[in-house]
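Coordinates in review
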Amino acid sequence: MDAVILRPAELPRKDRGNGASTVPLVGSHLGSTTFLNGITTFDPGAAIGHHSHNCVESVAVIEGTAFVDIDGTEHYLNTYDTTFVPANIVHRFRNASDTEPMKIFWTYASIDATRTLAGTTERNRIDEEQANQPATTEAGAAS
């Protein structure tokens, strides 16, 4: 396994809908066996739906301000505030600003991480969002 430099501005972005888009970073496509991470950008006022994961998730706000709803309790987050959400706890993030974008850096504690939309049985593997990432020798990644 080689060391890799990832440049998010040069990597594919996945539209999550509702004004959110994700750039997957580290995953099994690079040889990770223990975690996944990436960056999600929220347009002004954007939010993602309530959901849970089958593993621990940590999220740091890296730009802007956010609201996070964890198990029905909403919290305001400044840049660099960081969350730790245990497995199977329903949560969601939304941009606190109506004029500025917000970005989060997320990490899942398993390469087998899934997302289940609240109130449904719809479960998707997070790494499926990373499947279209370039190999380590392509543009955007260098060893």
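Below, the structure is looked at part by part.

Conventions and cut-offs
- Residues numbered from 1 in each chain as written.
- Predicted model: local features only at pLDDT ≥ 70, side-chain atom pairs only at ≥ 80, totals over all residues.
- Heavy atoms only, no water.
- Helix = DSSP H or I, 4+ residues; strand = E, 2+ residues; numbered from the N terminus.
- Buried < 20%, exposed > 50% of the residue type's maximum accessible area, 1.4 Å probe, protein only.
- Phe/Tyr/Trp six-rings, centres within 6.5 Å; stacked < 30°, edge-to-face > 60°.
- Salt bridge = Lys/Arg side-chain N within 4 Å of Asp/Glu carboxyl O.
- Pairing = 2+ DSSP bridges.

**Brief notes about unusual backbone geometry**
Its identity as a non-glycine residue notwithstanding, Tyr80 has a phi of 80 degrees, on the positive side. Within the secondary structure, Tyr80 sits in the loop between strand S8 (73–77) and strand S9 (82–85). The class of Tyr80 is exposed, set by a relative accessible area of 64%. Positive phi, normally seen in glycine, also occurs at Asn88, with a value near 65 degrees. Mapped onto the fold, Asn88 is located in the loop between S9 and strand S10 (91–95). The exposure class assigned to Asn88 is exposed, which follows from its relative accessible area of 57%.

**Here's the deal with the packing of aromatic side chains**
Scanning the entire structure with this criterion turns up 2 aromatic pairs. Ring centres of Phe67 and Tyr76 lie 5.5 Å apart, and the angle between their planes is 70 degrees; this geometry places the pair in the edge-to-face category. Look at Trp106 and Tyr108: their rings are 5.0 Å apart centre to centre, the planes differ by 50 degrees, and that puts the pair in the tilted class. The exposure class assigned to Trp106 is buried, which follows from its relative accessible area of 3%. Its relative accessible area of 2% is what places Tyr108 among the buried residues.

**Details of the pattern of salt bridges**
Under the criterion given, the structure shown has 4 salt bridges. Glu63 is paired through a salt bridge with Lys103; the nearest N and O atoms lie 4.0 Å apart. Taken together, the positions of Glu63 in strand S6 (residues 57–63) and Lys103 in strand S11 (residues 102–108) put the pair 40 residues apart, joining distant regions of the chain.

**Quick look at the pairing of strand S4 (residues 36–42)**
Of all 7 residues making up S4, 7 are buried, and the element is well covered by its neighbours. Of the two faces of S4, both are covered, the one formed by Leu36, Gly38, Thr40 and Phe42 as well as the one formed by Asn37, Ile39 and Thr41. Bridge analysis of strand S3 (residues 20–24) against S4 gives 5 bridges, and the strand direction is antiparallel. If you follow Pro24 over to S4, its bridge partner there is Gly38. Inspection of the sheet shows S4 paired to S11 by 7 bridges, in the antiparallel sense. Residue Asn37 lies in a different strand from S11, and its bridge partner there is Thr107.

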